[in-house]
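Each chain is listed here by its residues.
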Amino acid sequence: MKLATTSLTALTLALAGAASAQSWDMPVAYPASNYHTENAQAFADAVSECTSGELEITIHAGGSLFKGDEIKRAVQLGEAQIGERLLSAHANENQIFAYDSVPFLATSFEASEELRAAAEPVLTDVLGDQNLRLLYSVPWPPQGLYFSQPVSSPEEMEGKKFRAYNAITARVAELAGMVPTQIEAADLKQALATGVVTSMISSGSTGVDESVWEDMTNFYDVQAWLPRNTVFVNSEAFDSLSEEAQTCVTDAAAEAQTRGSETAAELAGGFVDTLAENGMDVNPPNEAISAKLQEIGETMTSEWLEQTGEQGQIIVDAYQSE
């Protein structure tokens, strides 16, 4: 009888655990082979192991569940529980989201980390007001300029059809006299192949992911900024977890942030080398273009601070005090 009672108790506990288990969908915009997506998969695996299966996170790569520009809203509304997004693409909602993409404000991995830490309190509050909880963010390698033909002066940039992925890159294009068109990562290859765009500013990682040497010829390593992919969770979904599971998620997120940042730094030089190995002309910008870009950076920093007011100034002051 005692054995039967013990077995019944074990079965009850097992069923209770199964009933409390949760499955989360995590849409991401980039391919499964991209290091951001691989890092997200490692994060999901760590959560599953830590929670002993109480929480399983399924990664949906390449915009397969929601396209890049749909991910943030899907998580806010609970259509997906967790997601990864380039927050600067939502600067039209709140310019604070563009903190990591102000040209020439932070141009190294070390500076990017300092800027992230400075922005975290403000960003946490802004996302919290949108039913989102900040988990972690990982940088892309420094941004460079791609063209389908050599460009030796600011004048030669004028009129080029430019791929923008957020309001910041669109503004860079406008100030350089180029013509911006918003193109999501999943649509970039087709846009390049059909000549919808003939120039862009992006990382070496994107260039390798999309084999841009098939449609473009020149990469100028201007190191303009290091945009960050941010992972956030629906606040209600997070609150529904047990305290133990919440700790698992936040601990795994901290590990993912460190791991992803280290990976980005390790890969950065290799991406640029791969562009060159596949026939692209890879060079730093000349003095005239550098001067033009510096002018653009100063203009955009001033504009960003005007648009963000006290919140933006708090971030910049905290960053510059590091």
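Below, the structure is looked at part by part. (Residues numbered from 1 in each chain as written. Predicted model: local features only at pLDDT ≥ 70, side-chain atom pairs only at ≥ 80, totals over all residues. Heavy atoms only, no water.)

### Concerning the environment of L77
Quick reminder of the rule: Secondary structure elements follow DSSP: runs of H or I of four or more residues count as helices, runs of E of two or more count as strands, with numbering from the N terminus. When accessible area is computed with a 1.4 Å probe and restricted to protein chains, residues below 20% of their type maximum are described as buried, those above 50% as exposed, and intermediate ones as partly exposed.
In this fold, L77 is placed in helix α3 (residues 68-77). With a relative accessible area of 49%, L77 lands in the partly exposed category. As a C-alpha pair, L77 and Q130 span 53 residues in sequence and 9.4 Å in three-dimensional space.

### A look at α3
The cut-off we apply is this: What the arc describes is the spread of directions from the helix axis to the C-beta atoms. Pairs of residues are marked as contacts when any of their non-hydrogen atoms sit within 4.5 Å.
Where α3 is concerned, the buried positions are G68, I71, K72, A74 and V75. Buried positions in α3, seen along its axis, are confined to an arc of 165° and lie on one side of it. Where α3 is buried, its residues meet β1 (22-27), β3 (82-86), β4 (132-139) and β10 (228-234). Count one or two residues on from α3 and you reach G78, which has phi positive near 85°.

### A closer look at the sheet that holds β4
The condition that has to hold: Should DSSP find at least two bridges between two strands, the strands are taken to pair. Think of each axis as a best-fit line through the C-alpha atoms, taken over the contacting stretch in the case of a helix, with angles from 0 to 180 degrees between the N-to-C directions.
Ordered in space as β3-β10-β4, the 3 strands form an open sheet in which the pairing is antiparallel. Two strands close off the open sheet at either side, each with one partner strand: β3 and β4. The sheet shows a mean angle of 25° between the axes of neighbouring strands, direction not considered. Summarising the sheet, β3 and β10 pair through 5 bridges and their orientation is antiparallel. Residue I82 lies in a different strand from β10, and its bridge partner there is V233.

### Side note on the environment of A256
Assignment of secondary structure puts A256 in helix α10 (residues 243-277). Judged by relative accessible area, which is 0%, A256 ranks as buried. The spatial distance from the C-alpha of A256 to the C-alpha of V208 is 23 Å, given a sequence separation of 48 residues. Those residues in contact with A256 that sit more than four places away from it in its chain are N39, F43, Y136 and V138.

### Here we look at the nonpolar core
The test is simple: Nonpolar core, defined: a set of buried Ala, Val, Leu, Ile, Met, Phe, Trp, Tyr and Cys residues in which side-chain atoms within 4.5 Å join the residues together.
Membership of the largest hydrophobic core comes to 81 residues, with the highest contact counts inside it found for M26, F43, I57, I82, L135, Y136 and L145. Counting 13 residues, the second largest nonpolar core, distinct from the first, contains A191, L192, V212 and V272.

### As for the state of the cysteines
As a reminder of what qualifies: For the purposes of this analysis, a disulfide is any pair of cysteine sulfur atoms at a distance within 2.5 Å.
Under the definition given, this model contains 1 disulfide. Across a sulfur-sulfur distance of 2.0 Å, C50 and C248 are joined as a disulfide pair. Given an S-S torsion of about -70°, the disulfide between C50 and C248 has left-handed geometry. Of this pair, C50 sits in helix α2 (residues 35-50) while C248 is found in helix α10, placing the two residues 198 residues apart along the sequence. Residue classification places C248 among the buried positions, given a relative accessible area of 8%.

### Overview of the pairing of β10
It is a general feature of regular strands that their side chains alternate between the two faces of the sheet. With respect to burial, β10 is a largely interior element, 7 of its 7 residues being buried. The pairing of β4 with β10 spans 7 bridges and is classified as antiparallel. Bridge pairing in β10 places Y136 opposite V231.

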